[in-house]
Amino acid sequence: MKKLLILILIFVIHSTALFSARDILKNILPSDEIVYVLRLNNGDIISGYVTEMMNHPEYGEGIKISTELGIATIYAKQIVEINPEKEHYRHGHRVFLLPTADPIGDGHFIGMFEVLFLYGGIGIADIVSITGGRTMIPQIAPDQQISDVNIKATFLHVPFESMEGYMSFAVGMNFAYVNAANRIINPYIVATFVGERSRITGNIFFKTGSEDFYNVRFYDQLFNMQYANGAVGIGLGLDTKFSKRNDLHFIGELWNNDITKPTNTGVLLGLRLANTNFSSDFGMAFFTEPFFAPFVSFVWTPF
């Protein structure tokens, strides 16, 4: 009886693996227009054009893919995932903090920013994107924590006719609470240019519906913060993929929350390691105070 159960278990595992291997290539077709990105069992990532579908009598289904190093033969059982290059990167809805005009879509995520800021987001129908987060600073009272909610609607997507890429446009509203009593509201409009390797984003936002001065408390310290109602700010962002790496990006942001005050400016420069399931950002933020600080984030896209 035990031997029979073991044989059944082995058969089920083998059948499941065989089905998964066959299933992973079911929507793949040879094309000289679509670049596919493959992640293999050994962790390697390769990209290229699929030139031929094949079925080996011993190794099963597979593909021939044209890479920079020549034609490679890859079998389905070696592949963890295969996606068109434009679907491989699931983090184009933001730079670091700056929202782009691209929607979250099905790239729902859970993340941790600066170690102490739990953050997440969902997409609805490639139009609506909702993100939110809250700090979890030890020994800080709940009414002294920082919270943020961002709602964005992508209303226009314009493909380019003469070159690869497109333009996206979106409008949004950001609600932030610096302590529970201090609400800051920023409506904004954002545009993103997407080319072969880079995304360039421009954001215009303004302050509305709140006070000009705030009393912010952390621990036993009280700070005064000024952010004039009606102030107009700008955000600029760059996200560009390194030419020889599908998983490595440079990210940069410039923020100014009041264009009448050039000293209210901050710049973030960093690197992003990313695949379809995970990304991590590392870099430095510079301010005109002068002041600088490291920034880091870890984002999981399991869905």
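Predicted model, so just to flag it, every value in this text is computed and none were measured.

Quick notes on the rules
- Residues numbered from 1 in each chain as written.
- Predicted model: local features only at pLDDT ≥ 70, side-chain atom pairs only at ≥ 80, totals over all residues.
- Heavy atoms only, no water.
- Phe/Tyr/Trp six-rings, centres within 6.5 Å; stacked < 30°, edge-to-face > 60°.
- Helix = DSSP H or I, 4+ residues; strand = E, 2+ residues; numbered from the N terminus.
- Buried < 20%, exposed > 50% of the residue type's maximum accessible area, 1.4 Å probe, protein only.
- Lys NZ or Arg CZ within 6 Å of the ring centre and 35° of its normal.
- Polar contact = N/O pair within 3.5 Å; in protein donor to acceptor, adjacent residues only side chain to side chain.
- Contact = heavy atoms within 4.5 Å.
- Salt bridge = Lys/Arg side-chain N within 4 Å of Asp/Glu carboxyl O.
- Pairing = 2+ DSSP bridges.
- Axes fitted to C-alpha atoms, helices over the stretch in contact; angles between N-to-C directions.

*Asks:* Just give me the short version of the packing of aromatic side chains, but keep the residues and values in it.
*Replies:* One pass over the full model with this rule turns up 12 aromatic pairs. On the numbers, 6.0 Å between centres and 45° between planes, the contact of Phe 109 with Tyr 119 is tilted. Taken together, the residues span a long stretch of sequence, with Phe 109 in strand E6 (residues 109-113) and Tyr 119 in strand E7 (residues 117-124) at a distance of 10 residues. In this pair, the class of Phe 109 matches that of Tyr 119, namely buried. In textbook terms, an aromatic cluster arises when at least three aromatic residues are bridged by ring pairs, as seen for Phe 96, Phe 109, Phe 113, Phe 117, Tyr 119 and Phe 295. One cation-aromatic arrangement involves Lys 207 over Tyr 227; the distance from NZ or CZ to the ring centre is 4.6 Å.

*Asks:* Let's hear about the side chain of Thr 201: which residues, and what values?
*Replies:* Its place among the elements puts Thr 201 in strand E12 (residues 198-206). A distance of 3.0 Å separates a polar atom in the side chain of Thr 201 from a polar atom in the side chain of Thr 192. Discounting chain neighbours no more than four positions away, the residues touching Thr 201 are Leu 98, Pro 99, Thr 100, Val 190, Ala 191, Thr 192, Gly 235, Leu 236 and Gly 237.

*Asks:* Requested: an account of the pattern of salt bridges, with residues and values cited.
*Replies:* Here the structure, examined in full by the defined rule, presents 6 salt bridges. For Arg 272, the salt bridge goes to Asp 239, with nearest N and O atoms at 3.6 Å. With Arg 272 in strand E17 (residues 265-274) and Asp 239 in strand E15 (residues 232-241), this residue pair connects regions lying 33 residues apart in the sequence. Classification of Arg 272 by relative accessible area gives buried; the value is 0%.

*Asks:* An account of the environment of Pro 294 is requested, with residue identities and associated values reported.
*Replies:* Take Pro 294: it is sitting in strand E19 (residues 291-300). Residues Pro 294 and Leu 268, 26 residues apart in the sequence, show an inter-C-alpha distance of 9.0 Å. When near neighbours in sequence (up to four residues on either side) are disregarded, Pro 294 contacts Glu 114, Gly 283 and Met 284.

*Asks:* Hey, could you go over the sheet that holds strand E3 (residues 60-67) for me, with residue numbers and the actual values?
*Replies:* Taken together, 5 strands build an open sheet; the order of strands is E4-E3-E2-E1-E5 and the sheet is antiparallel. Each of the sheet's edge strands pairs with one partner strand only, and the pair in question is strand E4 (70-75) and strand E5 (79-84). Geometrically, the sheet is characterised by an average inter-axis angle of 40° between neighbouring strands, direction not taken into account. In this sheet, E5 lies alongside strand E1 (residues 35-40) in antiparallel orientation, the contact comprising 5 bridges. The residue of E5 that forms the bridge with Tyr 36 is Pro 84.

*Asks:* Got a sec to walk through unusual backbone geometry? Specific residues and values, please.
*Replies:* Unusually for a residue other than glycine, Ala 125 sits at a positive phi of about 60°. We note that Gln 139 has phi near 65°; this positive angle belongs to a residue other than glycine. Here Gln 139 lies in the loop between strand E8 (128-135) and strand E9 (146-159).

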